[in-house]
Amino acid sequence: MAERPIKLTIAALGGQGGGVLADWLIEIAEAEGFLVQSTSVPGVAQRTGATIYYLEFFPRAAAERAGREPVMALMPVSGDVDCVLASELAEAGRAIQRGLVTPDRTTLIASTHRSYTIGEKSAMGQGAVDREQLMDLVRSQAKRLVLFDMEETAERNQSVISSVLLGALCGSGVLPFRKQTFQDEIEKSGIAVKANLAAFEDACRLAQRGDSGYTGKVKSKLMQEVPVRSRTPALQPLLDRVRRLPAAVQPVALEGTRRTIDYQDPAYAALFLDRVERIAALEARWGAGTGSCALLESTARSLALWMTFEDTIRVADLKTRGSRFVRIREEIRADSGQLFGITEFMKPRVEEIAGTLPAGLGRWLLGSPRLSGRLSRWTGGKQIRTGTIGGFLLLHIVGGCKRWRRSTLRFQEENARIEKWLHRIEQLAVNHYALAVELSRAQKLLKGYGETHERGWRNFTALIGLLDFLATRSDGAALLSRLQDAALADEEGQALAREIAALES
């Protein structure tokens, strides 16, 4: 046979309708007089499972002229794929890694949005793949590229991404099938026909443009200009203080001020700015020769995160906010009159309970083995349904305790730790500016609550204990940075222990 099959691979995540898309294409191909073969290979459970669908299309008329059916493959082969459909940017990267996308042959149709992998979500540090690098990779490998945000297109049309992928494929012209046949198949399915057709048409139009020009850069809140006026006159003094800081640090300080107000109150935000101004004075004296505000910026960022640490009050407050229920309703696409429920899985330990109590009472509880032992019998995993009156009120009452947060044991412990950390930064900045900068960044080890926070604090304390030694080394800052990376490498702290052992030997 002179003709060869058209080879197409679909890389989709569970729940995105990859199987539906494959079925649509089979029906469309057969309606257009093509033989088609389809196979699928389910992946491991990353982001609800990633599956590869592989299809080959061959004209029935050509097979009849040759007097035999074509032999078609069951799996895609590196360097031998005409088109790859990727429902998410990292899936496009995976296809490239497997050699399914080649510059001399393959049309790559991919969405620019990200659905983060389990590895990215569970990383103790910054685990997300760099978007700009992914975009550079995608743009460098395909013969032809169709690239736009398919998730946004689906949501705009109240549809699903499978219909967007189908429209993008139709608009690309990779398959020699009539557009009407694509539309007829959507109508034949009988499911959300109007929305799916709208998404199909939108995607078809976008695909004809090719590359959307998306750069992969995400505009951060910290890139926005600092306003001149606050929303309320009472907060204007805080904004004025932010604007008196060096310009490079103002966006970070503004976001930290907003965060601490939301966490506690304007007085707490004023304390945040007091501490930032302490480091600003230090920066002006000892960091002037560096040509940047590295110490001030990193300390302000870390301080905002540490001062809004996650305690039981914060967790309960966030879980009962109206905006959270609105967001979840939008994510699951529930209708305005449709009911839905939320079950919170919580495992409070005696330490979290004691941390929420007034400092004296909390210390007494932790100091009483008998009472702590009895209480621990009731601290196993809890399931609280915030969609019920009882469950919502329970968490709402706990979240409402933030007016008394300053008197709690956890707040007083964290506040004392913050002051010691700032004092150590001030000491180091005099003669070891770079080491002080790395110490300010070490706060990233402290995250979450419960056992997660406890592990982070253990690693952080281990690094603090090495500061005097590191201050004697010319490469002390680089070593501290390396130790932080080791601390974030695994939950058990084994990598950090090996690094410390190597330093001490």
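Computed from a prediction, not measured in an experiment: that's the story for all the values here.

A. Just the overall build of the chain, in detail. Regarding its fold elements, the chain presents 25 helices and 8 strands. Projected onto its principal axes, the C-alpha coordinates of the chain cover approximately 90 × 60 × 50 Å. Classification of the 505 residues of the chain by burial places 47% in the buried group. Taking contacts inside the chain between residues at least 6 apart in sequence as the whole, the part at least 24 apart equals 70%. With 67 positive and 60 negative side-chain charges, the chain shows a separation of 5 Å between the mean positions of the two kinds.

B. Expanded view of the nonpolar core. One finds Leu295, Leu303, Trp421 and Leu483 to be the most contacted residues of the largest nonpolar core, which totals 58 residues. For this core, the leading source of residues is helix 12 (residues 266-286), giving 9 residues. Discounting chain neighbours no more than four positions away, the residues touching tryptophan 421 are Thr299, Ser302, Leu303, Trp306, Leu439, Ser440, Gln443 and Phe460.

C. The packing of aromatic side chains, seen in detail. The final tally for this structure, using the stated rule, is 13 aromatic pairs. An aromatic cluster is defined as three or more aromatic residues linked by ring pairs; in this entry it consists of Phe34, Phe57, Phe177, Phe182 and Phe200. Over the ring of tryptophan 404 we find arginine 403; its NZ or CZ atom is 5.3 Å from the centre of that ring. The ring of tyrosine 263 has arginine 405 lying over it, and the distance from NZ or CZ to the ring centre is 3.8 Å.

D. Main features of the sheet that holds strand 6 (residues 144-148). The strand order across the open sheet built from 6 strands is 2-3-1-4-5-6, with neighbouring strands paired in mixed fashion. With one partner strand each, in any of the chains shown, strand 2 (34-42) and strand 6 form the two edges of the open sheet. Across the sheet, the mean angle from the axis of one strand to that of its neighbour is 10 degrees, orientation sign disregarded. Across 8 bridges, strand 1 (residues 6-13) lies against strand 3 (residues 50-59) in antiparallel orientation. Within strand 3, the residue paired with isoleucine 6 across the bridge is phenylalanine 57. On top of the sheet, helix 5 (residues 131-141) reaches strand 5 (107-111) and strand 6; it is set at about 145 degrees to strand 6, its chief contact.

Rules behind the numbers
Residues numbered from 1 in each chain as written. Predicted model: local features only at pLDDT ≥ 70, side-chain atom pairs only at ≥ 80, totals over all residues. Heavy atoms only, no water. Helix = DSSP H or I, 4+ residues; strand = E, 2+ residues; numbered from the N terminus. Buried < 20%, exposed > 50% of the residue type's maximum accessible area, 1.4 Å probe, protein only. Contact = heavy atoms within 4.5 Å. Lys, Arg positive; Asp, Glu negative; His and termini not counted. Charge placed at Lys NZ, Arg CZ, Asp CG, Glu CD. Core = buried A, V, L, I, M, F, W, Y, C linked by side-chain atoms within 4.5 Å. Phe/Tyr/Trp six-rings, centres within 6.5 Å; stacked < 30°, edge-to-face > 60°. Lys NZ or Arg CZ within 6 Å of the ring centre and 35° of its normal. Pairing = 2+ DSSP bridges. Axes fitted to C-alpha atoms, helices over the stretch in contact; angles between N-to-C directions.

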